[in-house]
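So you can see what is in the structure, the chains are spelled out below.
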Amino acid sequence: MILRRLKFGESGVGTTNDRSDGHNGTMSVESLRQTATENAAASSAVQELASALGGHINHCFLVGGAVRDFALGREPNELDVLVAGNAHELLSQLGLEGVSFHERFLTATAGFSFGTVDFASARRETYSGPGALPDIELCEVEEDRLRRDFTVNALRIELSSFETIDDEQGWQDLHDRVLRSLRVGSFLEDPTRIWRLARYAGRLGFTVESGTQAEAESALASGAMESVSKQRIGAELVRTVDENEPDASILAALAWGLIESSTSPDDAARAISRMTELVDGSVPRSELRLAAVAGSGFTLDSADGSELELGAGLMAVLRDITRVGELVKRLESATTPSQIDEACSGWAPAVVALVGERSALDKVSQWFREIRTAGLPFGGADLLSRGVQEGPALGIGLKAARAAMLDEGVTDYEKLLEIAVAEAGGES
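Keep in mind it's a predicted model, so treat the numbers as computed, not measured.

## Some details on the overall build of the protein
Stage number 1. Helix and strand counts for the protein come out as 22 helices and 11 strands.
Stage number 2. Each principal axis of the C-alpha atoms in the protein carries an extent, and together these give about 80 × 50 × 45 Å.
Stage number 3. Here the protein holds 428 residues, and the buried ones make up 51% of them.
Stage number 4. Taking contacts inside the protein between residues at least 6 apart in sequence as the whole, the part at least 24 apart equals 68%.

## Looking at the side chain of Ser 338
Stage number 1. Looking at the element boundaries, Ser 338 is found in helix H17 (residues 337–344).
Stage number 2. The exposure class of Ser 338 is buried, given its relative accessible area of 17%.
Stage number 3. For Ser 338, the side chain forms a polar contact with the side chain of Thr 336, separated by 3.2 Å.
Stage number 4. When neighbours within four sequence positions are excluded, Ser 338 is seen to be in contact with Ala 403, Leu 406 and Asp 407.

## Observations regarding the packing of aromatic side chains
Stage number 1. Applying the stated criterion to the full structure yields 5 aromatic pairs.
Stage number 2. Ring centres of Phe 112 and Phe 114 lie 5.5 Å apart, and the angle between their planes is 15°; this geometry places the pair in the stacked category.
Stage number 3. On the accessibility criterion, Phe 114 (32% relative accessible area) is partly exposed.
Stage number 4. Between the aromatic rings of Phe 150 and Tyr 200, the centroid separation amounts to 6.0 Å while the plane-to-plane angle is 90°, which identifies the pairing as edge-to-face. With Phe 150 in the loop between helix H5 (141–144) and strand E8 (156–158) and Tyr 200 in helix H8 (residues 192–204), the pair connects residues that are 50 residues apart, well separated along the chain. The exposure classification of Phe 150 matches that of Tyr 200, with both residues buried.
Stage number 5. Three or more aromatic residues link up through ring pairs in this structure, and these residues are Phe 150, Phe 187 and Tyr 200.
Stage number 6. Cation over ring: Arg 156 sits above Phe 61, and NZ or CZ is 6.0 Å from the ring centre.
Stage number 7. We note Arg 323 situated over the ring of Trp 347; from NZ or CZ to the ring centre the distance is 4.2 Å.

## Let's talk about helix H6 (residues 168–176)
Stage number 1. Where H6 is concerned, the buried positions are Gly 170, Trp 171, Asp 173, Leu 174 and His 175.
Stage number 2. The inward-facing, buried residues of H6 abut helix H1 (29–42), helix H3 (65–72), strand E9 (163–164) and strand E10 (178–179).
Stage number 3. A positive phi of about 60° marks Arg 177, the residue just after H6.

## Re the pairing of strand E5 (residues 115–121)
Stage number 1. Pairing of strand E2 (residues 79–83) with E5 involves 5 bridges; the strand directions are parallel. Looking at the pairing, Val 81 lines up with Phe 119 of E5.
Stage number 2. Note: strand E4 (residues 107–112) against E5, 6 bridges, orientation antiparallel. Paired with Ala 110 across the two strands is Val 117, which belongs to E5.

## What to know about unusual backbone geometry
Stage number 1. Positioned with a positive phi, Phe 162 is a non-glycine residue whose angle comes to about 60°.
Stage number 2. With a phi close to 60°, Arg 177 is a non-glycine residue in the positive phi region.
Stage number 3. In this fold, Arg 177 is placed in the loop between H6 and E10.

## As for the pattern of salt bridges
Close approach of charged atoms lets side chains of opposite charge pair.
Stage number 1. If you walk through the whole model with that rule in mind, you get 31 salt bridges.
Stage number 2. Asp 166 serves as the salt-bridge partner of Arg 33, at 2.8 Å between the closest nitrogen and oxygen. Of this pair, Arg 33 sits in helix H1 while Asp 166 sits in the loop between E9 and H6, and the two are 133 residues apart along the sequence.
Stage number 3. A relative accessible area of 13% places Arg 33 in the buried class.
Stage number 4. Several salt bridges converge on common partners, so that one network encompasses Arg 123, Glu 125, Asp 144, Arg 147 and Arg 148.

## Some thoughts on the environment of Arg 285
Stage number 1. Assignment of secondary structure puts Arg 285 in helix H13 (residues 285–294).
Stage number 2. A C-alpha to C-alpha distance of 33 Å links Arg 285 and Leu 32, two positions 253 residues apart in sequence.
Stage number 3. In contact with Arg 285, not counting residues within four places along its chain, are Glu 243, Asp 247, Ile 272 and Thr 276.

## Re the packing of H8 against helix H11 (residues 247–255)
Stage number 1. Interaxial distance between H8 and H11 falls to 7 Å at its minimum, and their mutual angle equals 135°. Between H8 and H11, the angle is such that the two are oblique. For the element pair H8 and H11, the recorded crossing hand is right-handed. Of H11, the residues touching H8 (which contributes Trp 195, Ala 198, Arg 199, Gly 202 and Arg 203) are Ala 248, Ser 249, Ala 252 and Ala 253.
Stage number 2. Along the lines of polarity and charge, the residues of the contact of H8 with H11 split into 5 nonpolar, 2 polar and 2 charged.

## Topic: the sheet that holds E5
In sheet architecture, strand pairing relies on hydrogen bonds along the backbone and comes in two forms, parallel and antiparallel.
Stage number 1. The sheet built from 7 strands is open, its strands ordered E3-E4-E5-E2-E1-E8-E9 with mixed pairing. The two strands at the open ends of the sheet, each matched to only one other strand, are strand E3 (100–102) and E9.
Stage number 2. In terms of strand pairing, E3 meets E4 through 3 bridges, oriented antiparallel. Bridging across to E4, His 102 finds its partner in Thr 107.
Stage number 3. The strands touched by H3 within the sheet are strand E1 (60–63), E2 and E8, with E1 carrying the most contacts at an inclination of about 60°.

## Details of the nonpolar core
Stage number 1. If you look at the biggest cluster of nonpolar residues, it comprises 123 residues, and the most contacted ones within it are Leu 62, Phe 119 and Leu 159.
Stage number 2. Counting 6 residues, the second largest nonpolar core, distinct from the first, contains Phe 61, Val 63, Leu 82 and Val 141.

What counts, and where the lines are drawn
- Residues numbered from 1 in each chain as written.
- Predicted model: local features only at pLDDT ≥ 70, side-chain atom pairs only at ≥ 80, totals over all residues.
- Heavy atoms only, no water.
- Helix = DSSP H or I, 4+ residues; strand = E, 2+ residues; numbered from the N terminus.
- Buried < 20%, exposed > 50% of the residue type's maximum accessible area, 1.4 Å probe, protein only.
- Contact = heavy atoms within 4.5 Å.
- Polar contact = N/O pair within 3.5 Å; in protein donor to acceptor, adjacent residues only side chain to side chain.
- Phe/Tyr/Trp six-rings, centres within 6.5 Å; stacked < 30°, edge-to-face > 60°.
- Lys NZ or Arg CZ within 6 Å of the ring centre and 35° of its normal.
- Pairing = 2+ DSSP bridges.
- Salt bridge = Lys/Arg side-chain N within 4 Å of Asp/Glu carboxyl O.
- Axes fitted to C-alpha atoms, helices over the stretch in contact; angles between N-to-C directions.
- Parallel < 35°, antiparallel > 145°, perpendicular 65-115°, else oblique.
- Left-handed = near helix turned anticlockwise from the far one by under 90°.
- Nonpolar A, V, L, I, M, F, W, Y, C, P; charged D, E, K, R; others polar.
- Core = buried A, V, L, I, M, F, W, Y, C linked by side-chain atoms within 4.5 Å.

Here it is as structure tokens:
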């Protein structure tokens, strides 16, 4: 397992971000609300959305992270619309293209020029047990607020007037930069909210309200996270290392124990920075983050790993990090460029970068900057045309030519092809 209980208060990671996002700590609650409405009204995405809603706009509210981000002077990653009534019926009447309906949750997504928008019916949720998916019923807009995760994510703007809806606790918490759950039992109903708590703290630099902290710790101590499917946990991990997330989000998850590793948050932060410089944009930052927080002390049960459904790139990082010592030994014995290439090839590039950051910087730097991108001017088909038999001989020939190019500086096409054919047993 890569997951264990969340430990609050062990690190300041995610609680000291600067306030360059437009809220410097002196802005009043009313000013925050005014900033939210002004930024929402000025947003071309919101304007396009409002135009598409037409006469149905009176039943719609901008809700959640977008309102929070508009108030903080940030550009929202996505727009969420709360529908007073049935979102499916509304979207059917609008006749938009590219609409996907999600019957189970009374939600839908629709495509716009700026991206997709999530539409949700005002609804109440009940849970049969910890980690279970909710049962859904339509409800009034005010009751819908109570099903959300944190007060700062339940703020609303009425799209017909661009006026904020009164929510004294939510706006005060946004002003105070505090994450507070909306009700008792929230983390037992959906333990993945604890992952979101770490992510928002890291992303926004907000602190966790003491009662919310206590409830999260209690839920974890009760084993609530074990009731959540591996697929849902994997989805939260993917969101946490996402390219659009700041490094602080994954570091907060590490500091608070959602990821089990012997690597400290400070060491991981330094590693991410150095690895990013080393690879020079050639490796997804999500993979670098995962490699850095995993480190050499990372353990993963293979069955659980496959069930996480992380995608090929991240799974390759998790697979290779468990045997990173083998890569270290290969690089220690590699002396020529071709040997360095052979040592690094086939490994997740982020894991190679981690080894470089820790113990083999010169060799790994050479591989990323010179060796990895060097390609032969021909391929297997050229060798077949020279009489080389299909099979292992092709690889032998190409490897010999590549070694000559990397180690001896041979660049002439015919000379390299001659070397490859000779080693592969083709025509002279």
